[in-house]
Structures are given as structure tokens and as C-alpha cells.
Amino acid sequence: MTVLEKVRPAGAPAPERRPRPRVTDEHGRRVRVWELVLRYLLLLAVLALTVGPFLWQLSTSLKGPSEDIFQSPPALLPGHPTLHNYQRVADTIPVWDYAVNSLKVAGANVVTNCAGSALAGYALARLRYRGRKAATLVFILAMLVPVEGIIIAQFTTMRELGLNNTLIGVVLPGCVGAMNVLLMRNAFLNLPYEIEEAAYIDGANVWQRFLRIALPSVKGTLAVVAIFAFMGAWDDFLWPLIVLSDPSKFTLTIGLNYLHGTFANDERLVAAGTIIAVAPLIALFACLQRYFFRGVGEGAVKG
Amino acid sequence: MASSSTVSGDVRRGARTPSAAPRVRRRLPAGPWLFAAPGLLITGVFILYPFVSTVVNSFTDRRTLIPGTFVGLANYRELLHDDMFWIGLRNSTLYVVGVVPALVLLPLLLALLVQKNIPGITFFRSAFYTPVVASIVVVGLIWVWLLDERGLVNSLLETVGVGRAGFLSDQWLLLLSAMAVTVWKGLGYYMIIYLAALANVPRELHEAASVDGAGAVRRFLTVTVPAVRSTMVLVGALSSVAAFKVFSEVYLMAGPDGGPAGEDTTLVMLVQRTGTGLTGRVGYASALSVVVFVVTVALMLLVLRADRKEDA
């Protein structure tokens, strides 16, 4: 269920009053048949356009060496499906090492973003101290700075710190995103004060109030921050491209670009590589899409 | 100040229980700064400091391994006479012009299509979001393969008798293809933003318009569009800033050198090319970055101002 279905007024008549279930719109009215057919046709057309390219890539990756992948009209399905290309990718580049590197970077990014932005968001929303407005302003300004514009200076900063060409260097600049801090701040602001006041009177200190009361109440936003952090790190291209020069430290995206540059002639190989890179993400998204759409929808409605 | 409105909202919230809120406030030692420290540290060291040093470096002849000295406006003067700079500026601007209208309109239509709760709609919504989830490298490589001289799109075009096109070899077709990929990847993202906005459109408006005899197109123009106008402005601002800073799509489809004779280079590609490597001209790349930053802010202000004018 998405946020839209939840927000919607419960205008639909109770099902037991109906002789048989009919398709109704968001206001509980019946949808006409021709309109429904038209809608599904359009939906299927868009589906082909958005998901089709991924399926074509999957199909290419499964085609064996004896098949002509360039034939016209094109063969949409592999004649003799084989997993051979996946093995060949692993023989050509250390794709599993790259995947592990990506996983390390993305995992670290999730942990640091969740912890860092929850802490800072709580400090901005709930704690009172001198300079709080200034601290908020720092994050707002940081959000407005385009990463693309400061990337060379980030690179030189990283070199001064001696962290160039390390996975830590890949993680650090984005490890507490300003956007995530502000998201968490908004989530904490929306919690009623009364609950924390009660805990305060019971003698809970600030860490106890944060960990036991505030944090469990913003799990939804935290999940969104986690998903965004994972995808952002797993998908990032420009920054790792600039920081990493040693092929053994490559993340999957940089490794793929390298594979593409070196073996541009064998599309089966490149296709298998891209499927390895995208499959975990699609799986993750399929599992978490419920939280995702809800959280994103909430943010947009409130924003 | 952007924070002032939210802070006042905060005070209002506190005002409901005037006695308790200040009490919580007073009893805190150094705790608050400990909470904010990790975030402030990272943001300061890796966002704000690099930003300041980008501006400072843009007035020096700093190179990757050489500290550099102050050269005044020399880098900016050189920009004006650099053909690559003008090519980059042209392509980044064209990107905004080509991509933004499509990304303001198409996701809205898509949101209207998936808004109605018909069976299986959750599947369609998620499926339409797949391109957003996929890494830009994956997306780039998929489309390079689709648009290849011998790829699927060309063999379909040939099958229906149109003939093949050099999507990846012709300077303009290449730029257009990259734009199409950007739009394709962005559709789902902006669709979600519109879905949230559409959920807040009161249905009475649609019903009233229906009673008055307005058809679907008419209702879209007189009810839906005005109701989601502020969201359209938001999408316009977000997508124009992103489009101006385009890097990955063009880099992947045109190659690191930016297509035939570098004619498809964008500004950020130029920043990456001139500023990195052992011989990277950090000072000059910083001046390019400052241009990117100034145009980005100008684009934001322009879109927001257009919004305010229409309100008046």
C-alpha cells in the first residue's frame, strides 16, 4: 500500500454490500470498461519502455557465443540460454571483488548516514543551545552546494588527508548527507513534545530520550535515509571515478566502465556485468518499495 | 533566512505546552554539540571547505602537484577565449532546454496514469521506478548497447523500413540520445513527487468541472495543472539544476573525450577532464566550477522568480 491509498478518504462502499467486486477508482466510483482497457494498454506500453531495456540486456547476457546478437530483425529471446557470460565476466575482471567493494562502501554509507543524520537531526529539532540556528544554516547551505562544482577541491582535500585511492575516501564526503540531516530534523519536529516531557519527568537523560523514545518513532524516515544512502553509494559514478585509480579498489560502477572501455566489442560480457550490478538493487528495491513509496510520499506531502 | 520559518513553527509547537519546553531546554550540558558534531564535521570538511577552496583556487594557477600562486582573474579571462568552455556551456544549456520541459510534463501524465487504484497498479508504479533505482552506469551501458550502430533500436528501425541512424556517432543525435536517456531515467522519480501532489487535489474541483461539462483535457488544464503548479515549479527547478550539471550520461555515451572532436562535452565533463590527473589544472578547473555554481544558483532563482510572478 502506498501513502496515496492510505491518505484517501474511505469513500468506497463496504465490499459486502456489493454483489461482486468491481473495479473502482479512488473515490469509490466504478471505472468504465473501455477506460480500464485503455489504461492497461497505456500502462503496458510504458512498462515495455521502462523495463524493456533491462530485459533486453538480460536476454543479451544469456546469449551464447554461437548466436548472432546483431541480427535483424532482432531475436528477443536467447536461442540457447547460457550462464557462460557471467563466468567470463568473472574471469575478465574481478567482478566479485568489485561487488564486495561496492557493498562495503554502500554499507558504510548506510550506517554513517543513519547514525550521523539522526544525531544531528535530533540536535537541530529538539535540543536548545547557542548556535542552533547557525548549525541548521550550515546544513541548508551545504545542501545548496552542487557536488559537481566542488569535486576537484574535494579531491585535493582528500589527497591532503592522505585518503586518496582508498574506499574510506570514497565514503567520507557523503557519509552524513545534509539532505538526510534535514529530513531527520523534520521527522523529529513532527513528534509531539509531550512524550519526551513525560520521559524527562521520569528522569530519562537526553541519550535515553533520543534512543528509547525519539528514534523508534521516526523509523519510517530512517528507512528512507537508509535506502537513499545505499542506492546513492552503490550507484555513484563521478566521485569514485575521480578518487580511485588502483583497479583493485574499484567499485562496481567504475569496474563496469572499465569493462566497457576494454571489451567494448563483446556486448554479451558487458551485458552480464551490468546485470550483476543492477540485480541486487532491483531485488532490494522490490523488497523495500512499500516503505520507500510511503516515506518519499510523506516527505513530499509535508515539504 | 531559510531556517526562520521552520524555527517559528517550532516555537508555535512549543507554545502549546509553555511550561515544559523551556525546562527541557535549560538542563543540557555539552550534549547538543556532541549530537551535531559528526554531521557538522563532515559537512564542514568535505562540503563547505572544498567550496571555499574552489573559489580561492579559481584565482590561482594551482596544479595537482604544484601549490600555485595568485593570478587574479587570469583563469576567467582564459575561459572567455577557450573554445571548449563555450562548447561545454552550449551543451549544458541545450541540455536544460531539451530535458526540463519533458521532465516537467511527462511525469505528470505518468502520475495521472498510475494514480487510479486499479488491480496491479502497485506493480506498475514500482516497475516504472526501476530506471531510477538502476545505477547511471548500468543505464548508460544499456542504452549504448540499444543505440549501437547494430543495436536493437537500429535493427527495429531497419525492420520497419526507416533505416539506421548514427545515434552514438552524430554530434547532435548523440546529445539528443543522452537527453532521452536522462528523461527516461528521471520519469519515475518525478512521477512519485507528482503522485504525492495529486493526492492533495480536492476531488470536488474535478466533479464541479465535470458537471460544467468539461472534458478530460479541459479538466487537466483547468483543474489539475493549477492545483499542482507549485509542484511543477519544484520539478522544473530540480530538473534544470540537474540537467545543467549533467556528466554521467554524456560521459558514458560519448566517451571521456565527449564524442566527435569533443563537440558533446558538457561543463562538468570539462571540469573532470581539466582538473584531475597528475597534470590537472586545479586552478582553471576551479574557475569552471565557479561558473557551474553561479549558473546553477541563477537557474534556481530564475525558476523561483517565474513562480512568484505568476502568483501576482
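Since we're looking at a predicted model, the values are computed, not measured.

Participant: Can you lay out the UniProt feature "transmembrane region" (unreviewed entry) in chain B for me, pointing to particular residues and giving the numbers?
Facilitator: Residue and element names in this part refer to chain B. Listed under "transmembrane region" (unreviewed entry) in the UniProt record, and renumbered for this structure, are residues 33-52, 94-114, 126-146, 172-199, 220-244 and 282-304. End C-alpha to end C-alpha, residues 126-146 measures 23 Å, and it is 90% helix and 0% strand. End-to-end, the C-alpha atoms of residues 282-304 are 33 Å apart, and along that stretch the chain is 100% helix and 0% strand.

Participant: Any details on the UniProt feature "transmembrane region" (unreviewed entry) in chain A? Residues and values, ideally.
Facilitator: The sites that UniProt annotates as "transmembrane region" (unreviewed entry) are residues 37-56, 105-125, 137-155, 167-189, 210-234 and 269-288 of chain A. Counting secondary structure, residues 269-288 of chain A comes out at 100% helix and 0% strand; the distance between its end C-alpha atoms is 30 Å.

Participant: Which residues make up the nonpolar core, and what are the values?
Facilitator: Phe-188 and Phe-237 of chain A together with Tyr-95 and Phe-128 of chain B are the most contacted members of the largest nonpolar core, which has 177 residues in total. Each of two domains, domain 1 (33-82) and domain 2 (86-298) of chain A, supplies a minimum of three residues to this core. Non-local contacts of Phe-128 of chain B, meaning those with residues more than four positions away in its chain, are made with Leu-43, Val-46, Leu-47 and Thr-50 of chain A together with Leu-110, Val-114, Gly-188 and Met-191 of chain B.

Participant: Hey, could you go over helix α2 (residues 33-61) of chain A for me, with residue numbers and the actual values?
Facilitator: Residues spaced three or four apart along an α-helix point in a common direction, a consequence of the helix completing one turn every 3.6 residues. The first and last C-alpha atoms of α2 of chain A sit 40 Å apart over 29 residues, in line with the 42 Å expected at 1.5 Å per residue. Of all the bends in α2 of chain A, the greatest reaches close to 50 degrees and is centred on Val-51 of chain A; the proline Pro-53 of chain A follows between one and four positions later.

Participant: Give a description of the domain arrangement of chain A that names residues and reports values.
Facilitator: Residues and elements named next belong to chain A. Here chain A is described as being made up of domain 1 (33-82) and domain 2 (86-298). Taking the mean C-alpha position of each, domain 1 and domain 2 sit 33 Å from one another. Counting from both sides, the interface comprises 11 residues of domain 1 and, opposite them, 9 residues of domain 2. Where domain 1 abuts domain 2, roughly 790 Å² becomes buried across the two surfaces, and 66% of that area is made up of carbon and sulfur atoms. In this assembly, domain 1 and domain 2 are joined by 0 salt bridges. Split into classes, the residues belonging to the side of domain 1 that touches domain 2 amount to 5 nonpolar, 4 polar and 2 charged.

Participant: Got a sec to walk through the interface of chain A and chain B? Specific residues and values, please.
Facilitator: Taken residue by residue, the interface counts 110 residues in chain A and 100 residues in chain B. Taking both partners together, chain A and chain B bury about 10,000 Å²; carbon and sulfur atoms supply 73% of that area. For the pair chain A and chain B, the interface holds 3 salt bridges. Glu-160 of chain A is the partner of Arg-62 of chain B in a salt bridge, and the nearest nitrogen-oxygen pair spans 3.3 Å. For the pair chain A and chain B, the number of links is 13 residue pairs in polar contact (both at pLDDT 80 or more). It is α2 of chain A that contributes the most residues to the side of chain A that touches chain B, 17 residues altogether. When its residues are assigned to classes, the side of chain A that touches chain B shows 69 nonpolar, 21 polar and 20 charged.

What counts and how
Residues numbered from 1 in each chain as written. Chains lettered and ligands numbered in written order. Predicted model: local features only at pLDDT ≥ 70, side-chain atom pairs only at ≥ 80, totals over all residues. Heavy atoms only, no water. UniProt positions renumbered as here; feature names shortened; annotations may be inferred. Helix = DSSP H or I, 4+ residues; strand = E, 2+ residues; numbered from the N terminus. Core = buried A, V, L, I, M, F, W, Y, C linked by side-chain atoms within 4.5 Å. Buried < 20%, exposed > 50% of the residue type's maximum accessible area, 1.4 Å probe, protein only. Domains from an automatic or database assignment. Contact = heavy atoms within 4.5 Å. Expected span 1.5 Å × (residues − 1). Bend = angle between axes of the 7 residues up to and from the residue. Buried area = accessible area lost by both parts, 1.4 Å probe. Salt bridge = Lys/Arg side-chain N within 4 Å of Asp/Glu carboxyl O. Nonpolar A, V, L, I, M, F, W, Y, C, P; charged D, E, K, R; others polar. Polar contact = N/O pair within 3.5 Å; in protein donor to acceptor, adjacent residues only side chain to side chain.

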